[in-house]
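Per-entry structural report
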Amino acid sequence: MVPSSPREIVLKCFEERYGNAPEYLVRAPGRVNLIGEHTDYNEGYVMPLAIDYAVWIAFSHITEPEVRLHSIDFNQSVVIPINHVLTKSDGWSEYLKGLISIFKKSKLEIFGWKGVMAGNVPIGAGLSSSAALSLAITRVFGTISNWDWNPSQMARICQLAENQWIGVNCGIMDQMISALGQEEHLLLIDCRSLKTTPVPLPEGVRVVILDTGTRRGLVDSAYNERRDQCESVATFLGKKALRDVSYKQLKKAKVKIDPIQFKRALHVVQENNRVLDCAESLRLGNLKHVGELMNSSHISLRDYFEVSCEALDLMVESALAVPGCYGARMTGAGFGGCAVALVETKYTENFVKKVLKSYQNATGQKALLYVCKAAEGTSVYSKKEFAAQ
Ligand code: GLA
């Protein structure tokens, strides 16, 4: 039988390479953010869900102080010593090196392991394939080295590796949701306190990811610039972060703020309010209002934060034209990648068909649509557990 999922693939490949079954299996999911974009590094609110697309690693202890990891997707094996000073280069194994260096800085004891990795989170699409990779590797180290698993602390460590080794000044959202996602729930995350509140996905709706097929480079993009602009406004207003600035305070200071920086801050301040409003509306089952908030979020990201692009705008337009779609917006950092829509379950099939067609007619490009399930965060399974699944 041909193995079909990354889970089966890593288990089979591990046995072929090493002649026995792995001791453990780790799964770390990607994510899609329903609302709360570019608010995390402003210490504000976000509301993503972990998705049923993930990175899987099958692994076992070794006695040598090194990591031997084979990536099926990149068809490449690496051996990384864990007691040497590591130097930067490029490629997927930088995440492994970056994490090892942060573990050591954080005084976390680490031991060696061998593993096989595969995943199905689309890369560079804004669905956090890199956070999934980082959380998967961290969970492997945590299991091998007997750490107490503290998901928020581990999310912070993964964020640090991304900031300090990879050079992307990202916030904490992606790592938090990959670590802490809950089945059938969104997670309202306070990115200052790291408090998480599960919000059930109401019955009768589906979250649909709309991949434009366009890709962006986060390091090369204007992401870090946007972050600097936000921080400048907070500093100018004498606040720790834009989280502490109200709409009224911002409006009052408008004439004194650079117009571009004002637009960036306006997006963040209003987006934080939209996230809280959205969580409450989901609890009340007011899906019409949830949809309106998603639509406003998109317009704000397009016009104030200026991180959308033609493909994302066309995708959102295509989605909103189909019956049963409550709302749609770009999701993730922007500049390409994916949009997200909230769709009434009974219309989902028709929605997918119609959007694929209208997006292709408008752009000449093929879109990819995923009707997703809210999945559990990063998990580890012992041999006994995964053999029984
Ligand atoms: C990327 C970053 C996150 C967040 C989003 C935008 O996904 O990794 O930290 O800033 O962009 O909301």
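For the structure given in this document, a descriptive report is provided here.

Parameters at a glance
- Residues numbered from 1 in each chain as written.
- Predicted model: local features only at pLDDT ≥ 70, side-chain atom pairs only at ≥ 80, totals over all residues.
- Heavy atoms only, no water.
- Helix = DSSP H or I, 4+ residues; strand = E, 2+ residues; numbered from the N terminus.
- Rg over C-alpha atoms; globule rule 2.2 N^0.38 Å.
- Buried < 20%, exposed > 50% of the residue type's maximum accessible area, 1.4 Å probe, protein only.
- Contact = heavy atoms within 4.5 Å.
- Lys, Arg positive; Asp, Glu negative; His and termini not counted.
- Charge placed at Lys NZ, Arg CZ, Asp CG, Glu CD.
- 1 Å grid on protein atoms, 1.4 Å probe; cavity = no way out; pocket = protein on both sides within 12 Å on 5 of 7 lines; lining within 4 Å.
- Points joined across faces, edges and corners; volume = space filled by probe spheres on them.
- Nonpolar A, V, L, I, M, F, W, Y, C, P; charged D, E, K, R; others polar.
- Near = heavy atom within 4 Å.
- Polar contact = N/O pair within 3.5 Å; in protein donor to acceptor, adjacent residues only side chain to side chain.
- Areas by Shrake-Rupley, 256 points an atom, 1.4 Å probe, with all protein chains shown as cover.
- Sits in = over half its atoms within 2 Å of the grid points.
- Pairing = 2+ DSSP bridges.
- Axes fitted to C-alpha atoms, helices over the stretch in contact; angles between N-to-C directions.
- Core = buried A, V, L, I, M, F, W, Y, C linked by side-chain atoms within 4.5 Å.
- Expected span 1.5 Å × (residues − 1).
- Arc of directions from axis to C-beta.
- Salt bridge = Lys/Arg side-chain N within 4 Å of Asp/Glu carboxyl O.

**Considerations on the overall build of the chain**
Across its full length, the chain carries 12 helices and 12 strands. Relative to the 2.2 N^0.38 estimate, which gives 21 Å for 389 residues, the radius of gyration of the chain is 21 Å and therefore close to what a compact globule would have. A burial count over the chain gives 56% of its 389 residues as buried. A sequence separation of at least 24 residues applies to 72% of the contacts in the chain between residues at least 6 apart. Of note, the chain has its 44 positive side-chain charges centred 3 Å away from the centre of its 41 negative side-chain charges.

**Considering the layout of surface pockets**
Approximately 940 Å³ is the volume attributed to the largest pocket. Those elements that place two or more of their residues in the lining of the largest pocket are helix H2 (93–105), strand S5 (113–119), helix H3 (129–144), helix H4 (151–166) and helix H5 (173–180). Of all the elements, H3 adds the most residues to the lining of the largest pocket, at four residues. Its residues assigned to classes, the lining of the largest pocket comprises 22 nonpolar, 15 polar and 10 charged. Its boundaries defined by the atoms lining it, the second largest pocket holds a volume of some 440 Å³. Lining the second largest pocket are 22 residues, with Asp 52, Glu 183, Lys 373, Ala 374 and Ala 375 positioned closest to its centre. Those elements that place two or more of their residues in the lining of the second largest pocket are helix H1 (6–18), strand S2 (45–61) and strand S8 (205–211).

**Regarding the site of the ligand**
Every residue close to the ligand is listed here: Arg 31, Glu 37, His 38, Asp 40, Tyr 41, Cys 170, Gly 171, Met 173, Asp 174, Tyr 223, Gly 332 and Ala 333. One nitrogen or oxygen atom from the main chain of His 38 is found 2.7 Å from an oxygen atom belonging to the ligand. A distance of 2.6 Å separates an oxygen atom of the ligand from a polar side-chain atom of Asp 174. In isolation the ligand has 310 Å² of accessible area, and contact with the protein removes 97% of it. Among the detected pockets, the ligand sits in the largest pocket.

**Let's talk about the sheet that holds strand S10 (residues 338–344)**
With antiparallel pairing, the four strands of this open sheet are ordered in space as S9-S10-S8-S11. Two strands close off the open sheet at either side, each with one partner strand: strand S9 (325–330) and strand S11 (368–372). The average undirected angle you get between the axes of adjacent strands in this sheet is 20°. As paired strands, S8 and S10 are joined by seven bridges and run antiparallel to one another. When the bridges of S10 are listed, Val 208 appears paired with Ala 341. Sheet contacts for helix H9 (residues 287–303): S8, S9 and S10; angle to S9, the most-contacted strand, approximately 25°.

**Things to note about the environment of Val 233**
Structurally, the position occupied by Val 233 is in helix H6 (residues 223–236). Spatially, the C-alpha atom of Val 233 lies 6.7 Å from that of Gln 261, the residues being 28 residues apart in sequence. In this view, Val 233 contacts Leu 242, Leu 250, Ile 257, Gln 261 and Ala 265; residues no more than four positions away in its chain are not counted.

**Structural notes on the pairing of strand S1 (residues 24–35)**
Burial within S1 is extensive, with 11 of its 12 residues counted as buried. By the bridge criterion, 10 bridges tie S1 to S2 in an arrangement that is antiparallel. In the sheet register, Val 32 faces S2, and the bridge partner there is Leu 49. Pairing geometry for S1 and strand S12 (residues 379–382), over four bridges, is antiparallel. Along S12, the bridge assignment pairs Leu 25 with Tyr 381.

**Some words on the nonpolar core**
By size, the foremost hydrophobic cluster in this structure holds 79 residues, and its most contacted members are Leu 34, Met 47, Leu 96, Trp 113 and Phe 141. With nine residues, S2 is the single largest residue contributor to this core. Sequence-distant contacts of Met 47, defined by excluding residues within four places in its chain, comprise Asn 33, Leu 34, Ile 35, Leu 186, Leu 187, Leu 188, Val 199, Val 275, Cys 278, Ala 279 and Leu 282. By size, the runner-up hydrophobic cluster in this structure holds 42 residues, among which are Tyr 41, Val 168, Leu 312 and Ala 339.

**Digging into helix H11 (residues 348–363)**
Between its first and last C-alpha atoms H11 spans 22 Å; for 16 residues at 1.5 Å apiece the expected length is 22 Å, and the two agree. Here H11 has its buried residues at Thr 348, Phe 351, Val 352, Val 355 and Tyr 359. Projected down its long axis, H11 shows its buried positions confined to an angular sector of 95°, all on one face. For H11, exposure combined with an orientation more than 90 degrees from the buried face picks out Glu 349, Lys 353, Lys 357 and Asn 361.

**Quick look at the pattern of salt bridges**
When charged atoms on two side chains of opposite charge get close, those side chains can pair. Under the defined criterion, the tally for this structure stands at 20 salt bridges. Across the pair Arg 31 and Asp 174 runs a salt bridge whose closest N-O atoms are separated by 2.9 Å. Taken together, the residues span a long stretch of sequence, with Arg 31 in strand S1 and Asp 174 in helix H5 at a distance of 143 residues. Across the pair, exposure class does not vary: Arg 31 and Asp 174 are buried alike. Taking the shortest distance from any N to any O, the salt bridge between Arg 243 and Asp 190 comes out at 2.9 Å.

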